[in-house]
Every structure is written in structure tokens, then in C-alpha cells.
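Reading the structure
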Amino acid sequence: MGTVARLLSAIAFGFLVGCAPSTSATVESNKEVVRRLIAAINNRDFDLLDELVAPDVVRHSQATAGVEVRSLEQFKEFLRQDLATFPDAQQQIHTIIGEGDKVALYLTLTGTQDGPAGPFPATGKEVVVQFLGIMRVEQGKVAEIWVEWDNLNILTQCRLTSVCSWRARVR
């Protein structure tokens, strides 16, 4: 290889390496996508979800067994139903950690159960629930979501306390 060719090759390699996003920059941009997603949900800005969530997003959760989310439209519908139950729901991020294409979150949800939750009618009670989530970000959009929380905790705050009190009086 001639001197000019080696020089051009070195310049091209340096350009490619210099232009490639660093891993830490990618992780930080993934965390920012997730922060913006939580803010969009809190602000009920579902139009912004088109920018932040992949069209074929998949959501996994044992806490909502039987609920299938395999598209952006299904995700929006899930959020609408959730907000029908807890219309004033707000999520607060406490911890956000990123590695590679994944972002892990520890959050608190607060909201008032003003709508039915499955078979449970509205109670008007406020809940405060911590939960965990992991989101996989692909090409600047959330492509996969894993989320888990303690349903018994929610039921206790909304309804189960009155059921337990009733059982105690019957015995």
C-alpha cells in the first residue's frame, strides 16, 4: 500500500472512530429517552410516544398477566385503561441505571383509584406503589419493556383492608 493510500486509510479510520458514538453517550441518550417517556406518560402526551416508543414495542409483566402489549397502539390503549383506573397517576423516578441498550428504573407511582381495577370497583383511595422496570432502547426508541410491582400492596391500599376488617367482624 502506498503512502497516500495509508494516509487516506488512517484518516478514514480516525474519522469513523471519532464519529462513532461512545458507549457512555449511547447509554446517556437511552436514559434520556426513558426519562422523556415517563414525563410523556405523566403529562398524558400520547402523541409524543410516537417519537419515543417503537411501533412494535413489546411489554412484559407478570403483574398484569393476560394483558398483551405488542405494538405502540396497544401500549397507548394499556395506558388509557390504566389512567381510567388512576386518572391522577404520576410516576417519579428514584433510580435510573443504564448499561448497553438497557435502562433500569426504580419508581414510585401515586394515584387515586377513581375507576375500577379489574373486578374491584373504584374506592377513591390513594395508592403509593414502588415498582421496577427495565426498558430496551433500539435506535432511540423504547422497543421492549419489563415492569413488575406488588399487586397485593395495591389491593391492600385500595380494597383489601376493608375486606379484612369485614372478615374479622364476621368471625
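Preceding this paragraph is the structure being described.
Read on for a plain summary of the structure.

Cut-offs applied
- Residues numbered from 1 in each chain as written.
- Predicted model: local features only at pLDDT ≥ 70, side-chain atom pairs only at ≥ 80, totals over all residues.
- Heavy atoms only, no water.
- Helix = DSSP H or I, 4+ residues; strand = E, 2+ residues; numbered from the N terminus.
- Buried < 20%, exposed > 50% of the residue type's maximum accessible area, 1.4 Å probe, protein only.
- Contact = heavy atoms within 4.5 Å.
- Phe/Tyr/Trp six-rings, centres within 6.5 Å; stacked < 30°, edge-to-face > 60°.
- Lys NZ or Arg CZ within 6 Å of the ring centre and 35° of its normal.
- Core = buried A, V, L, I, M, F, W, Y, C linked by side-chain atoms within 4.5 Å.
- Pairing = 2+ DSSP bridges.
- Polar contact = N/O pair within 3.5 Å; in protein donor to acceptor, adjacent residues only side chain to side chain.
- Salt bridge = Lys/Arg side-chain N within 4 Å of Asp/Glu carboxyl O.

With that settled, the discussion passes to the overall build of the protein chain. Along the protein chain, the regular secondary structure elements total 5 helices and 5 strands. What you see in the protein chain, going N to C, is helices and strands ordered as α-α-α-β-α-β-β-β-β-α. Residue burial in the protein chain is summarised as follows: out of 171 residues, 33% are buried. In the protein chain, the share of contacts with a sequence separation of at least 24, taken over all contacts with a separation of at least 6, comes to 55%.

One pass over the full model with this rule turns up 0 aromatic pairs. For the cation-ring pair, arginine 59 lies above phenylalanine 78, with the distance from its terminal atom to the ring centre recorded as 4.0 Å.

We now examine the nonpolar core. Soluble, globular proteins show a tendency: their nonpolar side chains are buried together. One finds Val34, Leu37, Leu49, Val53, Phe75, Met135 and Val142 to be the most contacted residues of the largest nonpolar core, which totals 34 residues. Breaking this core down by element, the ones donating at least two residues are helix H2 (23-42), helix H3 (49-52), strand S1 (53-60), helix H4 (72-85), strand S3 (102-112), strand S4 (126-138), strand S5 (141-149) and helix H5 (151-170). Broken down by element, this core gets its largest block of residues, 6 residues, from H2. Beyond its immediate sequence surroundings of up to four residues, methionine 135 is in contact with Val34, Leu37, Ile38, Asp101, Lys102, Val103, Leu105, Val142, Glu144 and Ile145.

It is worth spelling out the pairing of strand S2 (residues 90-99) at this point. Alignment of S2 against S3, held across 9 bridges, turns out to be antiparallel. Looking across to S3, one finds that glutamine 91 is bridged to leucine 109. In this antiparallel pair of consecutive strands, S2 and S3, the connection spans 2 residues, and glycine 100 shows a positive phi of 60°.

On to the side chain of threonine 108, then. Its place among the elements puts threonine 108 in strand S3. At a separation of 2.6 Å, a polar atom in the side chain of threonine 108 contacts the side chain of histidine 94.

Here we take up the pattern of salt bridges. According to the stated counting rule, one finds 10 salt bridges in the structure shown. Ionic pairing is found between arginine 80 and glutamate 77, a salt bridge with its closest N-O pair at 3.8 Å. Highlighted residues: arginine 80 and glutamate 77, both in helix H4, separated by 3 residues, approximately one helical turn. In this structure, the salt-bridge partner of glutamate 144 is arginine 136, at a minimum N-O distance of 3.0 Å. Take glutamate 144 and arginine 136: they sit in the same class, and that class is buried. Here the residues in one salt-bridge network are Asp50, Glu73 and Lys76, joined through shared partners.

Note that all results are geometric; they support no functional claim without further evidence.
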